[in-house]
Amino acid sequence: MNPALEFHSIAQSFTTQNATIQVLESIDLTVQEGEFVCLLGPSGCGKSTLLNAAAGFVTPTQGHVSFRGKQISDPSPERGMVFQEYALFPWMSVEDNVAFGLEARGESKDIIQPRVADLLAKLRLSEFAKRWPRDLSGGMRQRVAIARVLALDPPCLLMDEPFGALDALTRRSLQDELLQLWSELGKTVVFVTHSIEEAILLADRIVVMTHRPGKIKQDYQVHLPRPRNPADPAFNALKQELGQLVMAEQHAFENAERLSFTAD
């Protein structure tokens, strides 16, 4: 395997009116081509900030991120971002939302139409091609958002809690569909989640982060065979082990916040 994303000694701080907040510290991480990696950790540990650095939305205070050996300085269509908020254009139909990036790139209709039709079919959206986003459920809107990113055929997908706002059944359905697409298309995926079960269901590797400032606490290779069954004893043993790690960081974060509040 070859490196896709490489995080080199990443540190990130943000300055407010009252203080400088250290969000990330000493992050070194390599994601291989075609790998599915989940970032897992307590709220505020810097998971989304790390993903935004990979997207080119923020520049690290120290260190740098590279993609296929080239340092990242700006957003690029080769690294497609999927957010928890669907960010669809409400004045465009489903198929026009999916086609938007291709049209902006100047592709011809001969390329756009079959690609959009193929993605709508893969994501079970064909019968909704002419609908407006407001007519769709949350799960369908997220399918459209994923299709819009995939239309540009990025080799890397960056996903920031994309299923976090969905009900349990819809979430599980979309997890299965994402794994099917990943298997078919061979994308590199970095996926931020708060859900331990979701991380185990999806990932080749689970990177557990500490509370702020976020560091890498543990890097797990998930050796469970696919498709994974949450009722499997091995699945539950890993879930318990990861749960203890994450909750230890959550309690450390809460204690730090309590001490800070008391000091103020």
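To be clear, the structure that these remarks concern was listed above.
Residues numbered from 1 in each chain as written. Predicted model: local features only at pLDDT ≥ 70, side-chain atom pairs only at ≥ 80, totals over all residues. Heavy atoms only, no water.

Engineer: A description of helix α4 (residues 138–151) should follow, citing residues and the corresponding values.
Structural biologist: At 3.6 residues per turn, the α-helix brings residues three or four places apart onto the same side. The terminal C-alpha atoms of α4, which comprises 14 residues, lie 20 Å apart, in line with the 20 Å expected from a rise of 1.5 Å per residue. With eleven of 14 residues buried, α4 lies mostly within the body of the structure. Next to the buried residues of α4 lie β6 (79–82), α2 (94–104), α3 (109–122), β7 (156–160) and α5 (168–185). Directly beyond the C-terminal end of α4, a positive phi value near 55° is found at Asp153. (Helix = DSSP H or I, 4+ residues; strand = E, 2+ residues; numbered from the N terminus. Expected span 1.5 Å × (residues − 1). Buried < 20%, exposed > 50% of the residue type's maximum accessible area, 1.4 Å probe, protein only. Contact = heavy atoms within 4.5 Å.)

Engineer: Break down the packing of α2 against α3 for me, with residues and values.
Structural biologist: At a minimum axis distance of 10 Å, the contact between α2 and α3 shows a crossing angle of 130°. Between α2 and α3, the crossing angle belongs to the class labelled oblique. When the axes of α2 and α3 are compared, the crossing they make is right-handed. Residues Val94, Glu95, Val98, Ala99, Leu102 and Glu103 of α2 form the contact with α3, whose own contacting residues are Ile112, Arg115, Val116, Leu119 and Leu120. Considering only residue class, the contact of α2 with α3 consists of eight nonpolar, no polar and three charged. (Axes fitted to C-alpha atoms, helices over the stretch in contact; angles between N-to-C directions. Parallel < 35°, antiparallel > 145°, perpendicular 65-115°, else oblique. Left-handed = near helix turned anticlockwise from the far one by under 90°. Nonpolar A, V, L, I, M, F, W, Y, C, P; charged D, E, K, R; others polar.)

Engineer: So what about the sheet that holds strand β2 (residues 20–32)? Which residues, and what values?
Structural biologist: Here we have four strands laid out as an open sheet, ordered β2-β1-β4-β5, and antiparallel in their pairing. For this open sheet the edge positions go to β2 and β5 (70–71), each flanked by a neighbour on one side alone. Of the pairings in the sheet, the one linking strand β4 (residues 62–67) to β5 comprises two bridges and is antiparallel in character. Paired with Ser66 across the bridge in β5 is Gln71. (Pairing = 2+ DSSP bridges.)

Engineer: Tell me what's going on with the packing of α4 against α5, and back it up with residues and numbers.
Structural biologist: Across the interface, α4 lies against α5 with an axial gap of 11 Å and an inter-helix angle of 15°. Here α5 runs roughly parallel to α4, going by the angle between their axes. The handedness of the crossing between α4 and α5 is right-handed. Listed contacts from α5 to Gly139, Gln142, Arg143 and Leu150 of α4 are Thr170, Ser173, Leu174, Glu177, Leu181 and Leu185. Here the residues of the contact of α4 with α5 sort into four nonpolar, four polar and two charged.

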